[in-house]
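Each chain, letter by letter, is given below.
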Protein chains: 2
Amino acid sequence: MHWQPNRTTNLSLIMQIRDWMLTQISSSAWPVQYRLPSQRQLAATLGVNRSTIQEVIEELKADGILYSKIGSGTFVASSSWDLLTKQQQPNWQRYIEAGIHKPNYETIQLINEFEQHDDFIRLSTGELAPSLIPSKQITASLQSLALDGKTLGYSSPQGSLKLRRAICDYVKSRGIDTTPEQICIVSGGLQALQLIALGLLETGSVVFHEKASYLNSVHPFQSFGMQLQASETLPFLPCMPKHKRAIAYTIPTLNNPTGAVWSLVQREQFYAHCVAEQLPIIEDDVYHELLFDTPYPALKSMDTTNQIVYLGSVSKTLSPGLRIGWVIASPAVVKRLADVKMQMDYGSSAISQEIVAHWLASGLYEQHVKNLRRVLQQRAQLMENYLQPFQEIASWQSSRGGFYIWLKFNEPIVTTALFQQLVRRRVLINPGYIYAPHDAYHIRLSYAYASEEELRHGLTILLEEAKLSLRK
Amino acid sequence: MHWQPNRTTNLSLIMQIRDWMLTQISSSAWPVQYRLPSQRQLAATLGVNRSTIQEVIEELKADGILYSKIGSGTFVASSSWDLLTKQQQPNWQRYIEAGIHKPNYETIQLINEFEQHDDFIRLSTGELAPSLIPSKQITASLQSLALDGKTLGYSSPQGSLKLRRAICDYVKSRGIDTTPEQICIVSGGLQALQLIALGLLETGSVVFHEKASYLNSVHPFQSFGMQLQASETLPFLPCMPKHKRAIAYTIPTLNNPTGAVWSLVQREQFYAHCVAEQLPIIEDDVYHELLFDTPYPALKSMDTTNQIVYLGSVSKTLSPGLRIGWVIASPAVVKRLADVKMQMDYGSSAISQEIVAHWLASGLYEQHVKNLRRVLQQRAQLMENYLQPFQEIASWQSSRGGFYIWLKFNEPIVTTALFQQLVRRRVLINPGYIYAPHDAYHIRLSYAYASEEELRHGLTILLEEAKLSLRK
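Remember, predicted model here, so these are calculated numbers, not experimental data.

Engineer: Looking at this structure, how should I read the overall build of chain A?
Structural biologist: What chain A contains, in helices and strands, is 15 helices and 15 strands. The buried share of chain A, reckoned over its 472 residues, is 60%. At a minimum sequence separation of 6, the contacts of chain A that also span at least 24 residues come to 73%. About 18,600 Å² of surface is accessible on chain A, with carbon and sulfur atoms providing 50% of the total. Across chain A, the mean location of the 43 positive side-chain charges is 3 Å away from that of the 41 negative side-chain charges.

Written out as structure tokens, the structure is:
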């Protein structure tokens, strides 16, 4: 018995040992009624913990392949042969476990799932409430679309020229002077990150980011062997590593999850630093329209060196269901990202592109965003009111815009246990550890989704559960 | 001078040597007016061809960094220091070259580009002509959509439940009995392949396919280290490799590019073989509605073992611009693919999903596809007529449906030179070598895109150029 599990693959020890045992049985090395070596013995021979062996054996007993007799050991069941020869499905579980892309965090998978249930209060959701999405106006605007057969065909690699032209005009107000050649339409900001990961970086490349970062909650870089590197300083000033490609990711206006907004000086300092280091920047600017005050200029507006890959989107402001965002970067970079996008999904929805082009060009978008800002500001104030009772156990900064308040508890109580306990009470939160590994102090609260009554009720439950956690 | 270029990276020798020379200059190892070693000497020391050195030097001369004096050699220019210190842009070219995802074939990049020019005759385009896309009906149907704020929010991981239910009903006519839990909406069939590559396979996994295959024209698998393996036999009967994950990809109905249709016996044989091998199957069924005769059942309709990941789409039948396709597979597989999709783009366009749900459920789709088949059959006949003069130099099979005729020349004349020569004459073809490496005999012709007059004129030019190639 010289086989041992391989610890360098993605396959779990349990899957490997299970498979090895099944082979022992199907090859008749362990015939029907064979008594297995003791768990202790197996653990020693395979070089694994006894609990691992135990788990595999329990699984195979549940499948009817093995059975145990108290006091005499574990045996190969008479029915095992039948079961094994009938079991001709591909072993999909192994395919799934071996896959290159990381699964979502379990917490995020759970959030995605619970969000489908209408009876949850969503205290953290990173999107507009259905009532804030101008669905009637969007429906009405469909009649203004001039859809012809050409528009409804395959898109050009960089996306609709009409939309790219409308974006050129739109971003002028953000201080960005660009051309359609420097724009690539994407299916939302997240896809832009995926394109950057696959189009511009390689295994081992470094992605710098702020300590609490949206990047930790998704895997566009980690799945392909890029290293995330957090920095405590703000605005963080990373150094270009030697002999490696690197890029810095930041949301300078209304950071997700912290809501932070960089000052003008911080922006200038950061940009100058990255220029000196020849370090490219991803500027994620998808929240800027939602700043309550006059916004500071985008980093991209200072970009005389083609340093910046700029991301914009309508997902946070108009409708995430449209799946439309844009990248603005040097023509060579845009061409590369567009080429990768053509190989991933042949472009974004033509109708969504038409809608966004219409909203931008007609001024509907600007008007809508102006109203939205006012409503969000009222909601932010409301949440702050409801947060007052938290003052003895937590602290926060008033929101300057967007969706979020980054609530910080005085004690490290934001654990999976708290998350689960809240789920039991039908309240969904995004715990801080999604955004900053091992952070047990924060919750990303959102005032953009839940109704007034839900906010009040949800925060009351959160307060109760937080206090219970403190007592433990 | 011990540095030598690294031949194991993605970076070209030229990029590496260029960078090394710039470092020599900026570090003052080669100060201003320094005379470089001879090209022969540099080539020997760096272990590269002299032509490579020559190319780098020409580039740096063009940049004003170096200059040559006839008879006395190459020197570092006085202006180089200024140029170098001003040249603080990130070296994007290096980022682009190092990126993980393969670029599209140059030929395909060119095709994508030329397709944007209206003066080309597109003899091979794999999409419906704008006139065959029911754009007026689609525009009209927008008024039937019930878009509310919820629909326009972020999608559930597997996509719109309404659309998934409509697909369940629709695929019944294809003999497929499924549930919404076994369906994941994707942004077209190509994205499904990307999700399978990243979600179910690993580096080194094997993807079996027919010799001439759509898979060769895109890179969802190759970019992540999976090996394509072609098989000559039809239906090909691959064996599951030992110690590796593998999957078989096929288009059993109206193969792209060959147009082949597997018989019922071939389908049964292939499925039984893959079951015995426990080899999973990707059944790409995006052309089946376009078969002129009664279609054979989908492989998926025989699938009692959850062997098959089935792909459907409206891109070939209704509008590629909608970017809507679907995967039907076991619930565990679908859940995994949906989880990866959520990390790649947070779902497909909500409006596109609503449109397709409406077209499927209302019967509009079935009616449209029925008309479309008739029109395509007429176009196929037309192309065959225009192809008659090719009989002395080429052969082909009559089309049984879809878009394509896989024209085979008697001599290997379908080269990049022929492609380029046709581009000069404003005719675009998809040469066979895109689909089967080194194939110089075939062209994938399409009767679905060009107008009658364009088909006639384009094929006349093709005939002239083919005959010229034969004389060379």
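Now, onward.
Engineer: How do you make sense of the sheet that holds strand β12 (residues 404-409) of chain A when you look at a structure like this?
Structural biologist: All names here are of chain A. Taken in spatial order, the 4 strands of this open sheet run β11-β12-β15-β14, and their pairing is antiparallel. Of all the strands in the sheet, the pair left with one neighbour each is β11 (394-395) and β14 (430-431). As judged from the 5 bridges shared by β12 and strand β15 (residues 442-446), these two strands associate in the antiparallel manner. What sits directly across from Ile 405, in β15, is Leu 445. Against the sheet, helix α15 (residues 452-471) makes contact with β12 and β15, and its axis sits at roughly 170° relative to β15, the strand it touches most.

Engineer: Is there a simple way to explain unusual backbone geometry in this structure?
Structural biologist: Trans peptide bonds make up most of the peptide bonds, and negative phi angles are found at most residues other than glycine. Residues and elements named next belong to chain A. With an omega of 20°, the peptide bond between Asn 256 and Pro 257 qualifies as cis. Inspection of the secondary structure assignment puts Pro 257 in the loop between β7 (246-250) and α10 (264-277). Not every positive phi belongs to a glycine, and Asn 306 is a case in point at roughly 55°. Note on placement: Asn 306 falls in the loop between β8 (281-284) and β9 (308-313).

Engineer: Even after reading the chapter, I still don't get the pattern of salt bridges, so can you show me in this structure?
Structural biologist: Side-chain pairs of opposite charge can arise where the charged atoms are in close proximity. All names here are of chain A. For the structure shown, the criterion picks out 36 salt bridges over all chains. Across the pair Glu 465 and Arg 425 runs a salt bridge, and its minimum N-O distance is 2.9 Å. Separated by 40 residues along the polypeptide, Glu 465 in helix α15 and Arg 425 in the loop between α14 (416-424) and β13 (427-428) bring together distant segments of the chain. Residue Glu 465 is classed as buried on the basis of its relative accessible area, which comes to 5%. Overall, Arg 425 belongs to the partly exposed group, its relative accessible area being 32%.

Engineer: Any chance you could explain the interface of chain A and chain B here in plain terms?
Structural biologist: You'll often see interface size given as the accessible area lost when the parts meet. With 92 residues of chain A at the contact, the number on the chain B side is 91 residues. Counting each side, the surface lost to burial between chain A and chain B is near 7,900 Å², with a carbon and sulfur contribution of 58%. Looking only at chain A, the three residues that lose the most surface to chain B are Trp 92, Tyr 95 and Gln 343 of chain A, adding up to 11% of its buried area. Linking chain A with chain B are 2 salt bridges, by the criterion used here. Residue Lys 150 of chain A is joined to Asp 118 of chain B by a salt bridge in which the shortest nitrogen-to-oxygen separation is 2.8 Å. The tally of links between chain A and chain B comes to 43 residue pairs in polar contact (both at pLDDT 80 or more).

Rules of the game
Residues numbered from 1 in each chain as written. Chains lettered and ligands numbered in written order. Predicted model: local features only at pLDDT ≥ 70, side-chain atom pairs only at ≥ 80, totals over all residues. Heavy atoms only, no water. Helix = DSSP H or I, 4+ residues; strand = E, 2+ residues; numbered from the N terminus. Buried < 20%, exposed > 50% of the residue type's maximum accessible area, 1.4 Å probe, protein only. Contact = heavy atoms within 4.5 Å. Areas by Shrake-Rupley, 256 points an atom, 1.4 Å probe, with all protein chains shown as cover. Lys, Arg positive; Asp, Glu negative; His and termini not counted. Charge placed at Lys NZ, Arg CZ, Asp CG, Glu CD. Pairing = 2+ DSSP bridges. Axes fitted to C-alpha atoms, helices over the stretch in contact; angles between N-to-C directions. Salt bridge = Lys/Arg side-chain N within 4 Å of Asp/Glu carboxyl O. Buried area = accessible area lost by both parts, 1.4 Å probe. Polar contact = N/O pair within 3.5 Å; in protein donor to acceptor, adjacent residues only side chain to side chain.

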